[in-house]
Structure formats: structure tokens, C-alpha cells
Amino acid sequence: MKKTVALLLSILMIATMIPFTAVTVFAEGEVVTISGDATISGESSMIDVVSDATVTLDSAVVTGTGRSAIFVKNNANVTFVLQGESVVTGDNREDMYSCGIEVEYGSSVTFEGDGALKVSGGYYGAGIGSYGTRLNIPDYERRMVGEITINSGNIEAYGGENGAGIGTGYHVSGNTITINGGIVHAYGTGLSSGIGTGYGTSGGAIGVAAVGEYDAGNIIITGGEIYASAYYVDDIENFDYSDLAALTTGDKGKFSAGIGGG
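Engineer: Quick rundown of the packing of aromatic side chains? Include the residues and the values.
Structural biologist: Evaluated as defined, the whole model comprises 7 aromatic pairs. A ring pair is formed by phenylalanine 80 and phenylalanine 111, whose centres lie 5.5 Å apart and whose planes are at 20°; its orientation type is stacked. With phenylalanine 80 in strand E7 (residues 77–83) and phenylalanine 111 in strand E10 (residues 108–113), this residue pair connects regions lying 31 residues apart in the sequence. When the ring of tyrosine 158 is compared with that of tyrosine 187, the centres are 5.5 Å apart and the planes differ by 15°; the resulting orientation is stacked. Linking tyrosine 158 in strand E14 (residues 154–158) with tyrosine 187 in strand E17 (residues 183–189), this pair joins segments that are 29 residues apart in sequence. Judged by its relative accessible area of 1%, tyrosine 158 is buried. A network of ring pairs unites the aromatic residues Tyr97, Tyr123, Tyr124, Tyr131 and Tyr170 as a single cluster.

Listed below in C-alpha cells is the structure:
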């Protein structure tokens, strides 16, 4: 009996020394809420992260249907640890405003790890950041975006229609984007920047928004290997993001910066 109790106590002590991380694979079509640390692997449902957490993306495939694939909200500060090769995709069908990873204003995301992430925005949305609207609405009604930090990892971020690769969507002011390391490829489409803001923002849109009416935010780069460009395609819904030649030899975008404002 004493040996059994001692064995159980030993197991309990060992268990308490190991950090608990939920390994979760979700069914297609659901929206699952995460309020603590989790590892996402395999083909998973759409995800809401609603509190401070460390979320490991381990060769995960997350696809948004009518919304962003991953939504960080409720003032959550979330660290994404990249393992393997993950793909996160917003809904790029017309009027399906969304991002690959949406970061609500007041929340923040940080990317770490040595894995890879390919993330693409939905209609009027950034790959990582916020989506927007085609309307130049009053400033008090506009969407805002949270803070984005990249410390490491291999990240490819593609904006959806009129969205930055990393930053904001159509008619949205920027916030703080910090890149300290990693390999980052960021491409904005439809008059949007690679890293910064989407169309109709800090650069203005003639006849629609005054120049400087929107804020490109703060972009801080202290390290890393960074490739950022704007590009323009006629059929974004069916565009093959894996065709890098189309990004480097086609139309590089109009009225937008590689890093800065749309």
C-alpha cells in the first residue's frame, strides 16, 4: 500500500512539473473558442482566441468560411509558436470580409518558433491584421487593428482584395507592427502595402478619402530577412498564391508602398 501511494505521489509530482497543453483537432465548419494554451494540428475549424494564451500551430490547416480563419479578440495577448508548415486562409469570396488571422484592436499577437506559416486574407482583409470596408465611413465607426510582433519563423503573408499582407484592410488605420527576426514575405494586393495598411488609407484615395486621413501606424524593424511588395491581380479569388513568379513579374500595384501606406 505504501509503495502504491509513493508511486502515485511520484507520478503526481512529475505531472505537475510538465506544462499542460491541450492538443486539439477540430471538426470542419465549427467555430471553436480557445481561452488557454493549445496546440492546433491537422485540418481544424475556425478558431476564436479570447484570452491570453500560447497557441502552437503545428502543421495546422485553418480555413475561414464567411469570416476570418483565426480571430484574436477580447484584449487577448496571444503568442503563436510555429512548428512544421501551417496554412491559414480567410474567405476571399466577394463581400466575405475577413483575414487569415484577425487581430482585434486592444489585442496583440506575437509569432515565434522555427516553423513556417502561409497566411492569406479574405475579401478586403489583411493576411494578418484586420479587414475593412469599401466605404469611407466616419472615423468613429471605422474598424481598428491590434498590435503584431514577429520574433522568428518563416512567414508568408498575402493580403486579400485591397488588403495588406501584414497590417490592415480597406479603409483602416494601422497600429504597431514590430519585426525582430525571422524570414518574412508580405504582399499586399489591390493598391495595398505589403506591410502596413490597405487601400484608401494613409496615401488617400482621390475623390474618396483625403490624403493623410488614415494613419499608417508604426512599423518597427530591428532584424530579420524581409521581402515586402504590393501587387495587383484581376482575379484575386482564383489567384494562385504559390505562384511567386506572378508576384515578381506582374503588376506591382499602384499607389502603394512595399512597407508603409496603401
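Structure's up, so let's keep going.
Engineer: So what about the pairing of strand E3 (residues 38–44)? Which residues, and what values?
Structural biologist: Within a regular beta strand, the side chains point alternately toward one face of the sheet and then the other, so they alternate between its two faces. Most of E3 sits out of view: 5 of its 7 residues are buried. In the sheet, E3 pairs with strand E5 (residues 53–63) via 7 bridges, with the strands oriented parallel. Paired with glutamate 43 across the strands is valine 61, a residue of E5.

Thresholds, definitions, all that
- Residues numbered from 1 in each chain as written.
- Predicted model: local features only at pLDDT ≥ 70, side-chain atom pairs only at ≥ 80, totals over all residues.
- Heavy atoms only, no water.
- Phe/Tyr/Trp six-rings, centres within 6.5 Å; stacked < 30°, edge-to-face > 60°.
- Helix = DSSP H or I, 4+ residues; strand = E, 2+ residues; numbered from the N terminus.
- Buried < 20%, exposed > 50% of the residue type's maximum accessible area, 1.4 Å probe, protein only.
- Pairing = 2+ DSSP bridges.

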